[in-house]
Amino acid sequence: MLTSVVSTTRQNALFGMGNPLLDICAVVDKDFLDKYGLKPNDQILAEEKHKEMFEEIVKKFKVEYHAGGATQNSVKVAQWMIQEPHKVATFFGCIGKDKFGKILKEKAEEAHVDAHYYEQSQEPTGTCAACITGDNRSLIANLAAANCYKKEKHLDLAENWKLVEKAQVYYIAGFFLTVSLESILKVAKHASQNNKIFCLNLSAPFICEFFKEALMKVMPYVDILFGNETEAATFAREQGFETEDIEEIAKKAQSLPKENKKRQRIVVFTQGKEGTVMTKGDKVETFPVLEIDQSEMVDTNGAGDAFVGGFLSQLVQDKTFEQCIRAGHYAANVIIRHAGCTFPEKPDFH
């Protein structure tokens, strides 16, 4: 019998749920930034004064559209790393019935992700304007529709829940805790009860701080916890860990209460160009990242999402955790050479 070299990973084996945003990227001028009171390098949530900015950027500059949002970025990168079969990655989130929603659907299809959006007409599709000046970018996120995801209107529907049941690995960014805690808990409990792998990302310091109650309701179901050094520090402070040592923080996060005792929790903290920290049994290991020349770095935005995507691509294929980290480092290294969370046609990872 001939053995195929194509990945044997099943369709819909990886499930992601989060805030789908359409990234609107454009090279703008200083006048444009000043007009809307934007700093050259920043990440903010849109306010009333930014509303017409989203219209103007499209009219005035040459824009590129990329499907964005943290979880969607990660599952897209995972699918890119896997290549075949298509639709290994499933994605749920909420969009509007509008032009931007249509673009998001097309972009998900181009990335071969099996996206099932809850579509509603109360709010327009969420967007994130990336205003580029030189090697700076100012990000303005308008969640809009992404904030309207409803468990009973989408996740609970039989045909959608079937896709959840098909998966072996689940990934949700902490950002979604602000949208639908009940949806996260339903998925997390399913994973835990069926000894599947549920992964969560701390995502941002404000999640660890202002949404810690929701975060800690999900924590007992978390098999793999992701975060970066800033999020880890905030998490430790909010949890009263009384340490600033990242390895100690990882250990303490690992030993928080856990429902499914068949799997010990794994904690993975990235630290930019410093090594990535991972708990292993009762040890903590550090893995160096791939070197990159400053001149080859285009934009570090999306690097964290890409790391997770690379990691998940191997996890869903039952590879070792060391291999998962290597793939994460590879994917992040590729993404920082491109604008936004975009990548070349095929990966070169072995």
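Residues numbered from 1 in each chain as written. Predicted model: local features only at pLDDT ≥ 70, side-chain atom pairs only at ≥ 80, totals over all residues. Heavy atoms only, no water.

Peer 1: Tell me about the side chain of Q314, and name the residues and values.
Peer 2: In this structure, Q314 sits in helix α12 (residues 303-315). For Q314, a relative accessible area of 5% translates into the label buried. If we skip the residues at most four places from it in the chain, Q314 touches M81, K319, Q323, C324, A327 and F349. (Helix = DSSP H or I, 4+ residues; strand = E, 2+ residues; numbered from the N terminus. Buried < 20%, exposed > 50% of the residue type's maximum accessible area, 1.4 Å probe, protein only. Contact = heavy atoms within 4.5 Å.)

Peer 1: Can you lay out the UniProt feature "active site" (unreviewed entry) in the protein chain for me, pointing to particular residues and giving the numbers?
Peer 2: Residues given the UniProt feature "active site" (unreviewed entry) here are D305. Counting through the fold element by element, D305 comes out in helix α12. Relative accessible area serves as the criterion here: at 16%, D305 is assigned to the buried category. Excluding residues that lie within four positions of it along the chain, D305 makes contacts with A70, N73 and S74. Engagement of the side chain of D305 in a polar contact is seen with the side chain of N73, the distance being 3.0 Å. (UniProt positions renumbered as here; feature names shortened; annotations may be inferred. Polar contact = N/O pair within 3.5 Å; in protein donor to acceptor, adjacent residues only side chain to side chain.)

Peer 1: Quick rundown of the packing of aromatic side chains? Include the residues and the values.
Peer 2: One pair of aromatic rings is described through two measures. These are the centre distance and the angle between the planes. For the structure shown, the criterion picks out 18 aromatic pairs. Each ring, one from Y330 and one from F349, has its centre 5.5 Å from the other, and the planes form 40°; the classification is tilted. Of this pair, Y330 sits in helix α13 (residues 321-335) while F349 sits in the segment after α13, placing them 19 residues apart in sequence. Accessibility expressed as a relative area gives 18% for F349, which makes it buried. An aromatic cluster is defined as three or more aromatic residues linked by ring pairs; in this entry it consists of Y171, F226, F307, F311 and F321. Directly above the ring of W161 sits K186, whose terminal nitrogen or CZ lies 4.3 Å from the centroid. (Phe/Tyr/Trp six-rings, centres within 6.5 Å; stacked < 30°, edge-to-face > 60°. Lys NZ or Arg CZ within 6 Å of the ring centre and 35° of its normal.)

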